[in-house]
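Chain by chain, the residues:
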Amino acid sequence: MATFVLVPGFWLGGWAWREVTAALRGQGHEAHPVTLTGVAERAHLAGPEVGLETHTTDIVRLIEVEDLHDVVLVGHSGGGLPVTQAADRVPDRIARVVYVESGPMPDGMSQFDSNPPEEQERLRAEIGAGHLLPPPPFDPAADPENLAGLDSAALALLRQRATAHPLRAATDPVRRTGGRAVPTALVASTFPIEVVEGMIAQGHPFFAGLAGGQLHALPTGHWPMLSEPKGLADVLDRIARD
């Protein structure tokens, strides 16, 4: 059976993987959900110095301290950036990197860069001199595509448990060392697979690094670990077995 390390996206802690973790363990796998520095139960550590390298170290140290090998390293959304760097730092311990609603950003690009210039300006004005990125309101009326599949209980959980995210995790660029490449897979929920294939062919920075990797569709919203936890666990199980 496989060893999974599960990294959440912005504003979420390891709690978001609870149902996926239970399902994977029920299938016989080992699963390690991660809470990154400065978020959820570690929100008290969210100083201005916490950034992408901090979160990369969180993941690498877990893998090293637990002496994990042949890891299926899963990154959701913004968690794809530290996952990309962690796989670059310890490639010999990683069997595959799985991007859930994410992708391997190219060297020198940050999560913040993926926003249009006007959205970047709006966010910077909202944050001001602060060092934290506030969570969104999780309003289905304003964001129906990303929040698809979430019932009222899941939405209430998101609003209750989401915490501000260290800003530098979003603004620090990905830095690769040029080490051995690790096999990849994508679980796409809000992007149709044919759209992803077209973006890969065009060399789009979101998905170009997935060329030759596995592509899996799980139609739902942007938070499949909450809207389709059993379905996501089944896809991850299939990726590990393949």
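Residues numbered from 1 in each chain as written. Predicted model: local features only at pLDDT ≥ 70, side-chain atom pairs only at ≥ 80, totals over all residues. Heavy atoms only, no water.

- Naming follows an unreviewed UniProt entry, where the chain appears as Alpha/beta hydrolase of Micromonospora peucetia.

### Regarding the nonpolar core
Then, number 1: Phe4, Val74, Val98, Leu232 and Leu236 are the most contacted members of the largest nonpolar core, which totals 43 residues.
Then, number 2: Per-element accounting of this core gives the leading share, five residues, to helix H9 (residues 229-241).
Then, number 3: If sequence neighbours within four positions are ignored, Val74 has contacts with Phe4, Val5, Leu6, Val7, Trp17, Val83, Val98, Val100 and Leu236. (Core = buried A, V, L, I, M, F, W, Y, C linked by side-chain atoms within 4.5 Å. Buried < 20%, exposed > 50% of the residue type's maximum accessible area, 1.4 Å probe, protein only. Helix = DSSP H or I, 4+ residues; strand = E, 2+ residues; numbered from the N terminus. Contact = heavy atoms within 4.5 Å.)

### So, helix H7 (residues 193-201)
Then, number 1: Buried within H7 we find Ile193, Val196, Met199 and Ile200. Around the axis of H7, the buried residues are gathered within 120° of arc, so they sit on the same side. Set apart from the buried face of H7 by more than 90 degrees, the exposed residues are Glu194 and Ala201.
Then, number 2: Where H7 is buried, its residues meet strand E7 (184-188) and strand E8 (214-217). (Arc of directions from axis to C-beta.)

### Notes on the side chain of Thr190
Then, number 1: Structurally, Thr190 can be placed in the loop between E7 and H7.
Then, number 2: Polar contacts involving the side chain of Thr190 include one to the side chain of Glu101, which spans 2.6 Å.
Then, number 3: Excluding residues that lie within four positions of it along the chain, Thr190 makes contacts with Glu101, Glu145, Asn146, Thr220, Gly221 and His222. (Polar contact = N/O pair within 3.5 Å; in protein donor to acceptor, adjacent residues only side chain to side chain.)

### Quick word on the packing of helix H2 (residues 52-65) against helix H3 (residues 80-89)
Then, number 1: One way to put it is that H2 packs onto H3 with a least axis distance of 8 Å and a crossing angle of 60°. The angle between the axes of H2 and H3 places the two elements in the oblique class. Taken as a pair, H2 and H3 cross one another with a handedness that is right-handed. Residues Leu52, Glu53, His55, Thr56, Ile59 and Val60 of H2 form the contact with H3, whose participating residues are Leu81, Pro82, Val83, Gln85, Ala86 and Arg89.
Then, number 2: In the contact of H2 with H3, the residues fall into seven nonpolar, three polar and two charged. (Axes fitted to C-alpha atoms, helices over the stretch in contact; angles between N-to-C directions. Parallel < 35°, antiparallel > 145°, perpendicular 65-115°, else oblique. Left-handed = near helix turned anticlockwise from the far one by under 90°. Nonpolar A, V, L, I, M, F, W, Y, C, P; charged D, E, K, R; others polar.)

### Comments concerning the pattern of salt bridges
Side chains that differ in sign of charge can pair as their charged atoms come close.
Then, number 1: Counting across every chain of the model gives 12 salt bridges.
Then, number 2: Between Arg122 and Glu119 there is a salt bridge, with the nearest N and O atoms lying 2.8 Å from each other. Taken as a pair, Arg122 and Glu119 lie in helix H4 (residues 117-127) at a separation of three residues, close to a single helical turn.
Then, number 3: For Glu119, a relative accessible area of 26% translates into the label partly exposed.
Then, number 4: One salt bridge connects Arg168 with Asp172, and the closest N-O pair in it is separated by 3.3 Å.
Then, number 5: Taken together, the salt bridges that share partners define one network made up of Glu53, Asp88 and Arg89. (Salt bridge = Lys/Arg side-chain N within 4 Å of Asp/Glu carboxyl O.)

### Looking at the environment of Gly75
Then, number 1: Structurally, Gly75 can be placed in strand E3 (residues 71-76).
Then, number 2: What makes Gly75 buried here is its relative accessible area of 0%.

### Description of the sheet that holds strand E4 (residues 94-100)
Then, number 1: With parallel pairing, six strands are arranged side by side in an open sheet as E2-E1-E3-E4-E7-E8. Lying at the two open borders of the sheet, with one neighbouring strand each, are strand E2 (30-33) and E8. Geometrically, the sheet is characterised by an average inter-axis angle of 20° between neighbouring strands, direction not taken into account.
Then, number 2: Looking at chain direction, strand E1 (residues 3-7) and E2 are connected through four bridges and run parallel. Residue pairing for E2: Phe4 is matched across the bridge by Ala31.
Then, number 3: Relative to E8, H7 is tilted by about 150°, and along the sheet it contacts E7 and E8. (Pairing = 2+ DSSP bridges.)

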